[in-house]
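# Observations on chain architecture
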Amino acid sequence: MSQLKHKPAILASVRRVVVKLGSSVVTTASSINGERVAAIAAEIARMVDHGYQVVLVSSGARAAGLSRLGMSAMPVAIPEQQAAAAVGQISLMSHYERCFSDCGHHVGQVLLSVGDLHDRSRYLNARHTMEHLLAHGIIPVVNENDSVAVEELKFGDNDHLSALVAGLVSAELLVILTDVDGVYDGPPTLASSSVVDLIENIDQYVLEFDGSAGARKLPSGELGTGGMASKLRAAASAAHRGITTVIADGTSEGSLTRALQADSCAGTLVLASASPISHRKHWIAYGMATAGTLQVDKGALAALSERGGSLLPSGVTAVAGSFAAGDCVTCLGPDGKEFARGLVAYDSNDCARIKGSQSSSIEASLGYHSGDELIHRDNLVLLEELAQEDQPGD
Ligand code: GLU
């Protein structure tokens with residue numbers, strides 16, 4: 001049953017909005033779509049004139065740089081993509097600056113790398129910069145710092161980045177503009193499929209976690225493309241921080257304005273969780289790359305999942321990967337499935353040495369003691385816990 005009644009109240013009350021524009025919206029195959037950029041800049045400028053505070057997360061740097069490098073398709077080689085991003089980012093920003101200044105506004109560029117958001121002081125700096133830009137009426141334009149990002153340590157896609165930025169600036173709404181009308185209830189190519197108006201529990205759509213990478217997977221064949229999967233993951237991440245998301249088409253005239261219309265919002269509205277998780281837990285669940293895995297036995301699984309316990313060395317049966325103390329690791333149950341992730345107190349070598357033993361023997365084994373737990377409860381997030389956050393009334 002469609003529940004459009006929810007839309008008006010939510011969209012009418014937002015003030016701070018992160019707008020994410022995909023490459024398919026702002027670029028053609030190998031350069032910037034100047035007309036579209038100008039039209040969206042005009043829409044955002046109007047929003048700002050009406051009292052919204054807008055942070056723009058824009059993709060398109062790599063695509064925009066291709067033609068200047070004499071390429072017509074995205075190269076496979078990473079250094080070439082990074083070179084394209086270096087060239088294209090300038091072009092993207094000069095378009096934004098020109099288009100926004102035509103509407104009486106100015107932009108500030110914020111390029112982020114994963115490390116910037118993992119490190120507390122860099123994270124706070126990024127937040128302060130954004131706050132100051134917004135306080136001065138400047139529109140921050142954010143992208144990943146693609147030309148220096150290390151492949152293994154990338155945000156991965158700007159959908160994910162946009163959800164993190166929405167959390168960073170405490171936005172009330174994330175608008176992801178793409179080249180489809182929203183989330184379809186079946187393959188978008190089938191005439192019988194239609195756009196889902198409202199998703200009240202995003203975890204119905206994003207059910208399975210990929211144990212190895214920690215990325216969420218869609219139930220097979222249920223919904224659109226891989227591109228939509230990353231948008232849903234971003235919406236889930238935002239929802240758990242208490243942020244509502246609209247996923248809508250950004251390729252036609254007036255699309256942003258339509259997506260924000262309180263009485264007839266275009267696209268799919270993904271409701272925020274009624275009880276968002278703390279910022280710290282959100283970071284552990286969504287913001288951090290995992291550096292290894294700890295597999296646990298049945299007893300430890302039950303202690304963590306059912307009794308709110310911490311992970312002790314005695315419950316660990318296997319350690320994989322190379323990680324330092326303080327890194328984020330994936331916890332696997334006896335069946336090899338991810339059920340939690342957390343910040344580990346000992347590095348991978350030491351975890352391997354003390355796995356299976358009592359906490360009282362840590363000091364004797366390692367020559368130091370950094371706590372009885374491998375992962376303290378405060379540093380652990382159960383994936384099930386996230387799903388429960390979205391249950392109505394929780
Ligand atoms: N940061 C990339 C770019 O500007 C886009 C990443 C994405 O496609 O989400 O080219």
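## Some details on the site of the ligand
Taken together, Ser59, Gly60, Ala61, Arg62, Asn143, Asp146, Asp157 and Asn158 form the complete shell of residues around the ligand. A distance of 3.1 Å separates an oxygen atom of the ligand from a polar atom in the backbone of Arg62. Take Asn158: an N or O atom from its main chain is 2.7 Å from an oxygen atom of the ligand. Coverage of the ligand by the protein chains reaches 86% of its 300 Å² of free accessible surface. For the shell around the ligand, the residue count by class is 1 nonpolar, 4 polar and 3 charged.

## Thoughts on the environment of Ala84
Following the sequence through the fold, Ala84 ends up in helix 5 (residues 78-102). Residue classification places Ala84 among the buried positions, given a relative accessible area of 0%. Separated by 22 residues in sequence, Ala84 and Arg62 place their C-alpha atoms 4.9 Å apart.

## Side note on the confidence of the model for the chain
Of the residues in the chain, 88% reach a pLDDT of 70 or more, and the chain-wide mean stands at 85. Every residue in residues 208-226 scores below 50 in pLDDT, and together they form 49 contacts with partners more than four places removed in sequence or on other chains.

## Considerations on the nonpolar core
Val18, Leu112, Val142, Val165 and Ile202 are the most contacted members of the largest nonpolar core, which totals 46 residues. The set of elements that each furnish at least two residues to this core consists of strand 2 (53-58), strand 3 (107-112), helix 6 (114-118), helix 7 (120-135), helix 8 (158-168), strand 5 (173-178), helix 9 (226-240) and helix 11 (279-287). With 7 residues, helix 9 is the largest single contributor of residues to this core. In contact with Leu112, other than residues within four places in its own chain, are Leu117, Ala126, Val142, Asn143, Glu144, Asn145, Phe155, Leu161 and Val165. Counting 39 residues, the second largest nonpolar core, distinct from the first, contains Val17, Val26, Ile40 and Ala259.

## Topic: the packing of helix 3 (residues 34-49) against helix 5
Here helix 3 crosses helix 5 at 50 degrees, and the two axes come no closer than 9 Å. Between helix 3 and helix 5, the angle is such that the two are oblique. Crossing handedness for the pair helix 3 and helix 5: right-handed. Between helix 3, through Gly34, Val37, Ala38, Ala41, Ile44 and Ala45, and helix 5, the contact on the second element is made entirely by His95, Tyr96, Cys99 and Phe100. Its residues assigned to classes, the contact of helix 3 with helix 5 comprises 8 nonpolar, 2 polar and no charged.

## A few points about the sheet that holds strand 11 (residues 290-296)
The 5 strands lie next to each other as 12-11-13-14-15, forming an open sheet whose pairing is mixed. At either end of the open sheet lies a strand with only one pairing partner, and these are strand 12 (316-321) and strand 15 (380-382). Taken pair by pair, the neighbouring strands of this sheet meet at an average axis angle of 25 degrees, ignoring direction. The sheet contact formed by strand 11 and strand 13 (residues 328-332) spans 4 bridges and is parallel. For Gln295, the partnering residue across the bridge sits in strand 13 and is Leu332.

## Observations regarding the sheet that holds strand 5
A sheet is described by the order of its strands in space; here 8 strands give the open sequence 3-4-2-1-5-9-10-6, paired in mixed fashion. Two strands lie at the open edges of the sheet, namely strand 3 and strand 6 (198-199), each paired on one side alone. In this structure, strand 5 lies alongside strand 9 (residues 244-249), joined through 6 bridges in parallel fashion. If you follow Thr178 over to strand 9, its bridge partner there is Asp249. Most of the contacts of helix 3 go to strand 2, to which it runs at about 155 degrees, and overall it touches strand 1 (16-21), strand 2 and strand 4 (139-144).

Cut-offs and rules
- Residues numbered from 1 in each chain as written.
- Predicted model: local features only at pLDDT ≥ 70, side-chain atom pairs only at ≥ 80, totals over all residues.
- Heavy atoms only, no water.
- Near = heavy atom within 4 Å.
- Polar contact = N/O pair within 3.5 Å; in protein donor to acceptor, adjacent residues only side chain to side chain.
- Areas by Shrake-Rupley, 256 points an atom, 1.4 Å probe, with all protein chains shown as cover.
- Nonpolar A, V, L, I, M, F, W, Y, C, P; charged D, E, K, R; others polar.
- Helix = DSSP H or I, 4+ residues; strand = E, 2+ residues; numbered from the N terminus.
- Buried < 20%, exposed > 50% of the residue type's maximum accessible area, 1.4 Å probe, protein only.
- pLDDT = per-residue confidence, 0-100.
- Contact = heavy atoms within 4.5 Å.
- Core = buried A, V, L, I, M, F, W, Y, C linked by side-chain atoms within 4.5 Å.
- Axes fitted to C-alpha atoms, helices over the stretch in contact; angles between N-to-C directions.
- Parallel < 35°, antiparallel > 145°, perpendicular 65-115°, else oblique.
- Left-handed = near helix turned anticlockwise from the far one by under 90°.
- Pairing = 2+ DSSP bridges.

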